[in-house]
Amino acid sequence: MVPQLYLLTNDDDFAALYQKLEIAFDSGIVALLQIRRKQLLKQPEGGKKLYQESEKLIALAERYGVSVVMNDDIEMAKNLGIGVHLGQSDGKVIDARQQLGRQAIIGRTCHQSSDLVKQAELEGASYAAMGAVFASSTKPQASIVSVDALKEGCDQNIDICVIGGISSQNVTQLSGLPIRYIAVVADILSAPIDQVHSRTLAWQQALSHWP
């Protein structure tokens, strides 16, 4: 199974972010987008602004067949008609499932714990996210998941998403693991707009050699 790319938005100016996402989506390698705009939420009427941005990003994603989840906020996800990704302290998976429906994509952060992966499976999550896999520029203090814990997580009956410091150069170190999603922020979206296309080409090449 070849993993699919899972992009998480950064805090770029919206116009720049939109352009970068359009380029990345056009490559055909992105399957899932998480809307996470934490700096925007700190602004006056940040929730309203996020909702307006999200509507535009969802419309863009739909054009390219990319699914979308909202970070943390079950209510906003429901209002937008999309899925949600929940941290361990951001609500219950069972509540999200009841509100968003059987078909909704619901992710759960499981850090470095295969026990949390098992719990996410029991609660009905669509996927469990494990990491950080490598040192990450977006979360430099995050603990690194052990190879054994990652393998044990992959042995559970739930899709696994890996996150944290993953690039097109180091992702081959994960080859052989039955991973569903590879979550990426900096390796694509931190690049200037004119370099995003080359970054996606590097990812296409890396994933084309996946065993």
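Report follows, based on the coordinates. (Residues numbered from 1 in each chain as written. Predicted model: local features only at pLDDT ≥ 70, side-chain atom pairs only at ≥ 80, totals over all residues. Heavy atoms only, no water.)

**Thoughts on the sheet that holds strand β5 (residues 106–111)**
No. 1: Pairing within the closed barrel is parallel, and its eight strands lie in the order β1-β2-β3-β4-β5-β6-β7-β8. The sheet shows a mean angle of 25 degrees between the axes of neighbouring strands, direction not considered.
No. 2: Relative to strand β8 (residues 181–184), strand β7 (residues 159–163) runs parallel, the two being bridged by two bridges. Looking at the pairing, Cys161 lines up with Tyr181 of β8.
No. 3: Seen against the sheet, helix α3 (residues 46–63) touches β2 (30–35) and β3 (67–71) and runs at an angle of roughly 175 degrees to β2. (Pairing = 2+ DSSP bridges. Helix = DSSP H or I, 4+ residues; strand = E, 2+ residues; numbered from the N terminus. Axes fitted to C-alpha atoms, helices over the stretch in contact; angles between N-to-C directions. Contact = heavy atoms within 4.5 Å.)

**Quick notes on the side chain of Lys20**
No. 1: Here Lys20 shows up in helix α1 (residues 14–26).
No. 2: Relative accessible area serves as the criterion here: at 6%, Lys20 is assigned to the buried category.
No. 3: A polar atom in the side chain of Lys20 sits 2.7 Å from the backbone oxygen of Leu189.
No. 4: With sequence-adjacent residues up to four places away left out, Lys20 is seen in contact with Asp12, Leu189, Ser190, Ala191, Pro192, Ile193 and Val196. (Buried < 20%, exposed > 50% of the residue type's maximum accessible area, 1.4 Å probe, protein only. Polar contact = N/O pair within 3.5 Å; in protein donor to acceptor, adjacent residues only side chain to side chain.)

**A few points about helix α7 (residues 147–154)**
Three- or four-residue spacings in an α-helix give side chains the same orientation, since the helix completes a turn every 3.6 residues.
No. 1: Those residues of α7 that sit buried are Ala149, Leu150, Gly153 and Cys154. Buried residues in α7, looked at end-on, bunch into an arc of 135 degrees, giving them a common side. Among the exposed residues of α7, those pointing more than 90 degrees away from its buried face are Val147 and Asp148.
No. 2: Buried residues along α7 sit in contact with α6 (114–123), β6 (127–131) and β7. (Arc of directions from axis to C-beta.)

Everything listed here is a matter of geometry and, on its own, says nothing about what the molecule does.
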